[in-house]
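Notes for the structure review
Chain by chain, the residues run as shown.
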Amino acid sequence: MIGRLQGTLAQKNPPQVLIDCHGVGYEVDVPMSTFYQLPHLGEAVTLLTHLVVREDAQLLYGFATAAEREAFRQLIKVSGIGPRMALGVLSGMGVADLAQAITLQEGGRLVKVPGIGKKTAERLLLELKGKLGADIGTPAQVSSPAQTDILQALLALGYNDKDAAAALKALPTDVGVSEGIKLALRALAR
């Protein structure tokens, strides 16, 4: 399996790039998030890759980060999701957004990606729950009972775990519950 390519960027034609590795040109399909991070033509580039071997073709998919490649690998394990659709999902939303949508079971965010319908979004949510983004939706680390109360209040008001955790981190550790809620709401209102 080809796990990484390092060479010179020879061509860029979205979503495909051509990487010259010591005289051998590799055609690599990349998500748009990776495509936008690529250097100019003729410059050095390194991509992590995933090789798909089919009866009629051997296809390389490239990624700028290990997280993107892992998300791609998890996506293609879902029935009905092939490499092209997985690239489309990663092009339509970042890995962190995808992980958060899976963790919070937000199918509406997935349906916004071209090619993903309601049933496919539901299948993604079901099959990827706990496999992708398990660390994204975890509750914030709280250091006092007051912070626990503040976090619960923010969640009860409808804020998601990520926003509530970010607001909680910005608070002083010795703040009271009522003052902490006020400060957190002000921070979230910005």
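Residues numbered from 1 in each chain as written. Predicted model: local features only at pLDDT ≥ 70, side-chain atom pairs only at ≥ 80, totals over all residues. Heavy atoms only, no water.

Let's talk about the packing of helix 7 (residues 145-156) against helix 9 (residues 177-189)
Note the following rule: Here, axes are lines fitted to C-alpha atoms. For helices the fit covers the stretch in contact, and angles between N-to-C directions go from 0 to 180 degrees. Numbering of helices and strands runs from the N terminus; a helix is a DSSP stretch of H or I covering at least four residues, while a strand is a stretch of E covering at least two. In this scheme, roughly parallel covers angles under 35 degrees and roughly antiparallel covers those over 145, while 65 to 115 is roughly perpendicular and the rest are oblique. If you view the pair so one helix is near and one far, a crossing is left-handed when the near helix is turned anticlockwise from the far one by less than a right angle, and right-handed when it is turned clockwise. Residue contacts follow a heavy-atom distance rule, with two residues in contact if any of their heavy atoms lie within 4.5 Å. Classification convention: Asp, Glu, Lys, Arg as charged; Ala, Val, Leu, Ile, Met, Phe, Trp, Tyr, Cys, Pro as nonpolar; all other residues, Gly among them, as polar.
Between helix 7 and helix 9, the least distance of the axes is 9 Å, while the angle of their chain directions is 45 degrees. Relative to helix 9, helix 7 is oriented oblique. In this structure, helix 7 crosses over helix 9, and the sense of that crossing is right-handed. Across the interface between the two elements, A146, D149, I150, A153 and L154 from helix 7 touch V177, G180, I181, A184, L185 and L188 from helix 9. Here the residues of the contact of helix 7 with helix 9 are counted per class, giving nine nonpolar, one polar and one charged.

Some remarks on the UniProt feature "domain: Helix-hairpin-helix DNA-binding motif class" (unreviewed entry) in the chain
Heads up, the rule is: UniProt positions are given in the numbering used here, feature names are shortened, and annotations may be inferred rather than shown by experiment.
UniProt's entry tags residues 73-92 and 108-127 with the feature "domain: Helix-hairpin-helix DNA-binding motif class" (unreviewed entry), counted in the numbering of this structure. In the segment residues 73-92, helix accounts for 75% and strand for 0%; the C-alpha atoms at its two ends are 16 Å apart. Helix and strand shares over residues 108-127 are 70% and 0% respectively, and the end C-alpha atoms of the span are 16 Å apart.

Regarding helix 4 (residues 95-103)
Put simply, the test is: A simple rule labels every residue: compare its accessible area, found with a 1.4 Å probe on the protein chains alone, to the largest value its type can have, and call it buried under 20%, exposed over 50%, or partly exposed in between.
Taken residue by residue, helix 4 has L98, A99, Q100, A101 and I102 as its buried positions. Where helix 4 ends, the next residue or the one after it, Q105, has phi of about 55 degrees, a positive value.

Some points on the packing of aromatic side chains
Spelled out, the test is: Planes of paired rings set the category: under 30 degrees apart is stacked, over 60 is edge-to-face and the rest tilted, where pairs are Phe, Tyr or Trp rings (Trp by its six-membered ring) whose centres lie within 6.5 Å. Only when the NZ of Lys or the CZ of Arg is both within 6 Å of the ring centre and within 35 degrees of the ring normal is a charge said to sit over the ring.
By the definition in use, this model includes three aromatic pairs. Arranged with centres 5.3 Å apart and planes meeting at 35 degrees, the rings of Y61 and F72 form a pair that is tilted. One end of the pair, Y61, is in strand 5 (residues 58-63); the other, F72, is in helix 2 (residues 66-77), with eleven residues separating them in the sequence. There is no split in this pair, since Y61 and F72 are both buried. Among the aromatic side chains, those forming a connected cluster through ring pairs are Y61, F63 and F72. K12 extends its terminal NZ or CZ atom over the ring of F35, reaching a point 5.5 Å from the ring centre.

So, the pairing of strand 5
Which entries qualify depends on this criterion: Paired strands, in this sense, are two strands between which DSSP finds at least two bridges.
Relative to strand 5, strand 3 (residues 24-29) runs parallel, the two sharing two bridges. The residue of strand 5 that forms the bridge with V28 is L60. Between strand 4 (residues 44-53) and strand 5, which pair antiparallel one after the other, the connecting turn spans four residues.

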